Amino acid sequence: MPSFNKAIKCTTLIELLIIILCFYSVYMVASFYGFNVDMEWMYAVIIAYILIKSRKYSAETNQNIFSKIEFRYVFLIVIVNVFFSYGMLYLANSINIESFLSFNLIPSLKNLAFIGGLIGTVLISPISEEIIFRGIILNRLKLVVPVNVAILISSLCFGVLHGSIVSAFVFGLCMCILYIKTDNILVPVAAHIMNNFFAEALFYLDKDAILFNNDLIMITITVLAIISLYLILNSLKIEWKFLDKK
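Bear in mind the structure is a predicted one, so any value in this text is a computation, not a measurement.

Draft legend 1. Here's a closer look at the overall build of the chain. Counting its regular elements, the chain contains 10 helices and zero strands. The helix and strand sequence of the chain, counted from the amino end, reads α-α-α-α-α-α-α-α-α-α. Expressed as a percentage of the 246 residues in the chain, the buried residues total 45%. In the chain, the proportion of contacts linking residues at least 24 apart, taken out of those at least 6 apart, comes to 77%. Roughly 13,000 Å² of accessible area belongs to the chain as shown, and the carbon and sulfur atoms make up 70% of that amount.

Draft legend 2. Representation of the side chain of glutamate 239 in the model. Topologically, glutamate 239 is positioned in helix 10 (residues 215–245). Polar side-chain contacts of glutamate 239 include one of 3.2 Å to the side chain of lysine 181. Once residues lying within four places of it in the same chain are set aside, the contact partners of glutamate 239 are Tyr73, Ile177 and Lys181.

Draft legend 3. Quick peek at helix 7 (residues 147–162). For helix 7, which comprises 16 residues, the first-to-last C-alpha distance of 23 Å matches the rise-based estimate of 22 Å (1.5 Å per residue) to within 8%. For helix 7, the full list of buried residues reads Asn148, Ala150, Ile151, Ser154, Ser155, Phe158 and Gly159. The buried residues of helix 7 all sit within an arc of 165 degrees when viewed along its axis, so they share a single face.

Draft legend 4. Seen up close, the packing of aromatic side chains. A full pass over the atoms with the stated rule returns nine aromatic pairs. Centre to centre, the rings of phenylalanine 23 and tyrosine 24 are 5.6 Å apart; their planes meet at 85 degrees, and the pair counts as edge-to-face. Judged by its relative accessible area of 9%, phenylalanine 23 falls in the buried class. Residue classification places tyrosine 24 among the partly exposed residues on the basis of a relative accessible area of 38%. Clustering of aromatic rings is evident, with ring pairs tying together Phe71, Phe75, Phe197 and Phe198. We note arginine 134 situated over the ring of phenylalanine 158; from NZ or CZ to the ring centre the distance is 4.5 Å. Its end group placed over the ring of tyrosine 73, lysine 181 keeps NZ or CZ at 5.4 Å from the ring centre.

So, how was this worked out
- Residues numbered from 1 in each chain as written.
- Predicted model: local features only at pLDDT ≥ 70, side-chain atom pairs only at ≥ 80, totals over all residues.
- Heavy atoms only, no water.
- Helix = DSSP H or I, 4+ residues; strand = E, 2+ residues; numbered from the N terminus.
- Buried < 20%, exposed > 50% of the residue type's maximum accessible area, 1.4 Å probe, protein only.
- Contact = heavy atoms within 4.5 Å.
- Areas by Shrake-Rupley, 256 points an atom, 1.4 Å probe, with all protein chains shown as cover.
- Polar contact = N/O pair within 3.5 Å; in protein donor to acceptor, adjacent residues only side chain to side chain.
- Expected span 1.5 Å × (residues − 1).
- Arc of directions from axis to C-beta.
- Phe/Tyr/Trp six-rings, centres within 6.5 Å; stacked < 30°, edge-to-face > 60°.
- Lys NZ or Arg CZ within 6 Å of the ring centre and 35° of its normal.

In structure tokens form, the structure reads like this:
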């Protein structure tokens, strides 16, 4: 396949900014004439840009994307983040601050067709967000600040974009670690896709919010969320020490 990873590393913040400004120019014009241009179109343009740019670089080997890290470790990170995010959502609902701590991975495409929403949430968003926040922003920040600081800033930006600062920030930290450990953007992309798939499935299976109306289930999820947070923080502590030695 084309050198996707190298193309991302060679993409500057200026290039990303130009794409965003061009999209918003189109968005403003389209809105003026009564047309709605969804954010997923910008994400698709960013992915297309990287794919086109990657043609300039030599082909990668057919190395397994999980060759530097066990798949079960990636899967565990996804599961604990899902539980933690749902626990935060329940807490947010309980104290009525859902807009601040809402589940960062609840589909934003509720009004679109199911298939369109599924593609946007499970494929386009994870790929483009990993390219933007881990592939471009993290790599560029690493050139001017220590890697730990770059991780914190890029994860905070990721959380602010989602409007769910706590859960998205923690998820961003985990994705940064996966990317730095493997030096392969496809690993956090795969994790992000799995994460959004589980979130999408839970969302559509619980459209009537039955889970949130069952105290026993939500208490169980909250307990699992606390356990998940402990596992996440413990893992981040270990990885942070690893980064300090690099």
